[in-house]
Amino acid sequence: MYQQQGKFCRAGFYRAGQYELDNGRCFGSRSFKSDYSWITYNEFIERAEHFGSGLVKNGINTRSVLQCWNLCSKLYRMDSGSIRMLSQSAIITPLYDTLGPDACIFIIKQAEIEVAICDNDFKVRNLLSSKKEMPSLKHIITIHAISKELNQLAKNKDVKLHFFNDIEDMGKNHPGSKIAPKTI
């Protein structure tokens, strides 16, 4: 469990839930026309570790400050993506659409954010169109399949575009070591 000096970090709450709730339901999602589909704490933690390992395998340096731009509202996969990065002791900065495009560009630039997770192509395009103002942005992870045209646009802007599921699959096939968070 990620616990130091009697304090839990965010990842530690999932380990505690896994133990206290006997691997019960952890996250649920549903479409408008279906019932909820749940994953257990064990499944969530395993996928978190896969995602963290996949980040490393894709050349995303998680030992340095790694930050993430969460652009979607209340989307299970996006929230879990942030938690999953904690298996690599990543630092996460959530930014939302409500701040407006100028505020987001300013924050990405000032915080030197390297990684963005986006929930749709429109947001990916907006980031890429402003890349000149955000030199630190090196990777964009999207939860939707990547079109050839969007992939080419990212290459032209010197940004690596990744599909969320591909990162998770790569981590599953190439597990790496976890980096436990440290107090500062």
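Residues numbered from 1 in each chain as written. Predicted model: local features only at pLDDT ≥ 70, side-chain atom pairs only at ≥ 80, totals over all residues. Heavy atoms only, no water.

The protein chain has the name long-chain-fatty-acid--CoA ligase in an unreviewed UniProt entry, where Caerostris extrusa is given as its organism.

**Regarding the overall build of the protein chain**
Operational definition: Put simply, DSSP H or I for four residues or longer makes a helix, DSSP E for two residues or longer makes a strand, and each gets a number counted from the N terminus. Buried residues are those whose accessible area, probed at 1.4 Å on protein chains only, stays under 20% of the maximum for their type, while exposed residues exceed 50% and partly exposed ones sit between those limits. In this description, contact between two residues means that some pair of their heavy atoms is separated by no more than 4.5 Å.
Helices and strands together make up the secondary structure of the protein chain, namely seven helices and seven strands. Put simply, the protein chain runs from its N terminus to its C terminus through helices and strands in the order β-β-α-β-β-α-α-α-β-α-β-α-β-α. The proportion of buried residues among the 184 residues of the protein chain is 43%. Counting contacts in the protein chain only where the partners sit at least 6 residues apart, residues at least 24 apart contribute 62% of the total.

**Describing helix α2 (residues 41-57)**
An α-helix turns once every 3.6 residues. As a result, residues three or four positions apart point the same way. Quick note on the threshold: The span you would expect from a helix comes to 1.5 Å times its residue count less one.
Taking 1.5 Å of rise per residue, the 17 residues of α2 would be expected to cover 24 Å, and the 24 Å separating its terminal C-alpha atoms lies within 8% of that figure. Buried residues of α2: Tyr-41, Phe-44, Ile-45, Ala-48, His-50, Phe-51, Gly-52, Ser-53, Gly-54 and Leu-55, and no others. Backbone geometry just after α2 places Gly-59 at a positive phi near 80°.

**What about the packing of aromatic side chains?**
Aromatic ring pairs are defined here through the distance separating the ring centres and the angle between the ring planes. Let me state the cut-off plainly: Note on ring pairs: Phe, Tyr and Trp rings are taken, using the six-membered ring of Trp, and paired if centres are within 6.5 Å. Classes follow the plane angle, with under 30 degrees stacked, over 60 edge-to-face and the rest tilted.
Here the structure, examined in full by the defined rule, presents two aromatic pairs. Taken together, a centroid distance of 4.6 Å and an interplanar angle of 25° make the contact between Phe-51 and Phe-164 stacked. Taken together, the residues span a long stretch of sequence, with Phe-51 in helix α2 and Phe-164 in helix α7 (residues 164-173) at a distance of 113 residues. Judged on exposure class, the residue Phe-51 and its partner Phe-164 are both buried.

**Observations regarding the pairing of strand β7 (residues 160-163)**
Keep this limit in mind: One requirement defines pairing of two strands: DSSP has to find at least two bridges between them. Orient the strands so they point away from the viewer; a crossover is then right-handed if the path from the first strand over the helix to the second runs clockwise.
Here strand β6 (residues 139-142) runs beside β7; their pairing, made up of four bridges, is parallel. Within β7, the residue paired with Ile-141 across the bridge is His-162. Note on the crossover from β6 through helix α6 (residues 148-156) to β7: the handedness is right-handed.

**Comments concerning the packing of helix α5 (residues 121-129) against α6**
Rule in force here: A fitted line through C-alpha atoms represents every axis, and for helices the fit uses only the stretch in contact; the resulting angles, taken between N-to-C directions, go from 0 to 180 degrees. Roughly parallel here means an angle under 35 degrees, roughly antiparallel means over 145, roughly perpendicular means 65 to 115, and every remaining angle is called oblique. Take the far helix as the reference: if the near one is turned anticlockwise from it by less than a right angle, the crossing is left-handed, and if turned clockwise, right-handed. Gly is put with the polar residues, along with every residue not named as nonpolar or charged; the nonpolar set is Ala, Val, Leu, Ile, Met, Phe, Trp, Tyr, Cys and Pro, and the charged set is Asp, Glu, Lys and Arg.
Here α5 crosses α6 at 20°, and the two axes come no closer than 10 Å. It follows that α5 is roughly parallel to α6 by the angle criterion. As α5 runs across α6, the sense of the crossing is left-handed. Two secondary-structure elements touch here, α5 through Asp-121, Val-124, Arg-125 and Leu-128 and α6 through Glu-149, Leu-150, Leu-153 and Ala-154. The class makeup of the residues in the contact of α5 with α6 is five nonpolar, no polar and three charged.

**Comments concerning the nonpolar core**
A general tendency of soluble globular proteins is for nonpolar side chains to be buried together. We count it as follows: By nonpolar core we mean a set of buried residues, namely Ala, Val, Leu, Ile, Met, Phe, Trp, Tyr and Cys, connected to one another through side-chain atoms within 4.5 Å.
Among the nonpolar cores identified, the biggest contains 15 residues, and Val-124, Leu-127, Leu-128, Met-134, Leu-137, Ile-140 and Leu-161 are the most heavily contacted of them. The set of elements that each furnish at least two residues to this core consists of α4 (101-111), β5 (115-118), α5 and α6. Sorting elements by how many residues they give to this core places α5 first, with three residues. Look past the residues within four positions of Leu-128 in its chain and what remains in contact with it is Ile-140, Leu-150, Leu-153, Ala-154, Lys-157 and Val-159. Counting residues in hydrophobic clusters, the runner-up holds nine residues, among them Leu-55, Ile-60, Ile-117 and Ile-141.

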